[in-house]
Amino acid sequence: MDLRSIRELRPLLHLLIPLCVHWIAEEMTVSVLVDVTTRALCPGKTTCTEAIYITGVQQTVVGVFKMIVLPVLGQLADDYGRKPLLLLTLSTTIFPFGLLAWNDSKGFVYAYYVLRTISYIISQGSIFCISVAYAADVVEDGKRAIAFGWITGLFSASHVLGNLLARFLPEDHIFEASLLIFCPVYMQLFLVETVQAPPRQDQDSRCFNSIYKALQERCVSMRNAVNVVIRSETLKRIALISFFYELGMSGISSVLLYYLKSAFGFNKNQFSEILMMVGIGSIVSQILVLPVVNPLVGEKVILCIAIFSSIIYALLYGLAWAPWVPYLSASFGVIYVLVKPAMNPQKATRETIAGTLKTPSSHDNFLPELLAADDMTYPSDEYVQERLPLCRLGMYYQLFAVP
């Protein structure tokens, strides 16, 4: 990318800066929370079944409500502006971590889980979608692909940087909370609105109309997705592959860090290193490896290799016999991260409804997350207690995903 292209992205500067800081701050908390919740809910122990159960319930609740809330927020952003919705979604993450920065005792951890569940429902996925819509507003048609690439690239880089900072900084939630507060404040001061808001007297009626319209469109979209699956044999296979892959990976990721803490006594330093390995590997593989390999072997071969590597990833975690094995397993993140990029071109060439991609896999993550939360929470409790192969359930599900 030349300097002229970077200059043309200048209107996105006041969007990208707070987004980058927000994603860094959120990622910094991932590796720390396992230690905090285990210490508060199960003092003196390395295993905390209560935290695993709560995590499973949280994942289920978020999965149910996110499917409804996400299109509503998108419709409200179209009608009332991107800036108010970005401020809302970014601000919801301040309260849970601010609570832990104040006090991380047992009662406050319970309150954190409640607030964090609400925050996930409102912000998970919606921040990225509204940011992309804002970029489409301020960047001309020919440069939108570059703008979307910058947002995606910053998202990946922020996760790596967040884990790097978590590795070397002390376990202090005040720093993360301060960064999260900075984001909406900066956005309120500098971000320019791109959508003309309706007159104030019409806002209440338009708000209810927008919510109703968004829910109606979601129902139509899901019905269209089912029709597309029924008509297309290829999409049936892609949907099944995506379903079982997400079912396995969602179940593993929801309890993996608790398992590693129980089995090997890992803390935030080891968690950060493992997450950093996966993050760096995914960036390298998607930017450097995929463009070179894809023309040579095609998406189907890449998809098979990526799913097979995800099975090895789960198997190594489940059979981990030494502290270095999880690091070896994490290295397969370089390959299994290519599952979604390999599936997307096949989905995109099949069906386009009303100018917008509406494939069945656009709803695939919802049901797998629910089933993974329910199906993995109780068995993982058993496995953690006995230090048995936690990830073998996820591996079994991923075996069904092999094309």
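- As annotated in an unreviewed UniProt entry, the chain carries the name Major facilitator superfamily and is attributed to Macleaya cordata.
- As its UniProt record puts it under Subcellular location (unreviewed entry), the chain is described as follows: "Membrane".

**Here we look at the pattern of salt bridges**
Consideration 1: Inspection of every chain in the model, using the stated rule, returns six salt bridges.
Consideration 2: Each of Asp-78, Arg-82 and Asp-137 takes part in a single network of salt bridges with overlapping partners.

**Describing the packing of helix α2 (residues 13-41) against helix α11 (residues 233-264)**
Helices that pack against each other are described as a pair by the angle of their axes relative to one another and the distance between those axes.
Consideration 1: Relative orientation of the contacting elements α2 and α11 amounts to 60°, with a least axis distance of 10 Å. What the angle tells us is that α2 and α11 run oblique. For the pair α2 and α11, the sense of crossing is right-handed. Of the residues in α11, those touching α2 at Val-30, Val-34, Asp-35, Thr-37 and Thr-38 are Leu-257, Tyr-258 and Lys-261.
Consideration 2: Looking at side-chain class alone, the contact of α2 with α11 contains four nonpolar, two polar and two charged residues.

**Things to note about the side chain of Gln-58**
Consideration 1: With respect to the element layout, Gln-58 can be found in helix α3 (residues 49-80).
Consideration 2: When sequence neighbours within four positions are dropped, the list of residues in contact with Gln-58 reads Tyr-113, Arg-116, Thr-117 and Tyr-120.

**Focus on the environment of Ser-331**
Consideration 1: The residue Ser-331 is located in helix α14 (residues 325-331) in this model.
Consideration 2: Remark: the alpha-carbon pair of Ser-331 and Val-278, spanning 53 residues in sequence, is separated by 6.5 Å.
Consideration 3: Reaching out from Ser-331, the side chain makes a polar contact with the backbone oxygen of Leu-328 at a distance of 2.4 Å.

Here is what the cut-offs are and how they apply
Residues numbered from 1 in each chain as written. Predicted model: local features only at pLDDT ≥ 70, side-chain atom pairs only at ≥ 80, totals over all residues. Heavy atoms only, no water. UniProt positions renumbered as here; feature names shortened; annotations may be inferred. Salt bridge = Lys/Arg side-chain N within 4 Å of Asp/Glu carboxyl O. Axes fitted to C-alpha atoms, helices over the stretch in contact; angles between N-to-C directions. Helix = DSSP H or I, 4+ residues; strand = E, 2+ residues; numbered from the N terminus. Parallel < 35°, antiparallel > 145°, perpendicular 65-115°, else oblique. Left-handed = near helix turned anticlockwise from the far one by under 90°. Contact = heavy atoms within 4.5 Å. Nonpolar A, V, L, I, M, F, W, Y, C, P; charged D, E, K, R; others polar. Polar contact = N/O pair within 3.5 Å; in protein donor to acceptor, adjacent residues only side chain to side chain.

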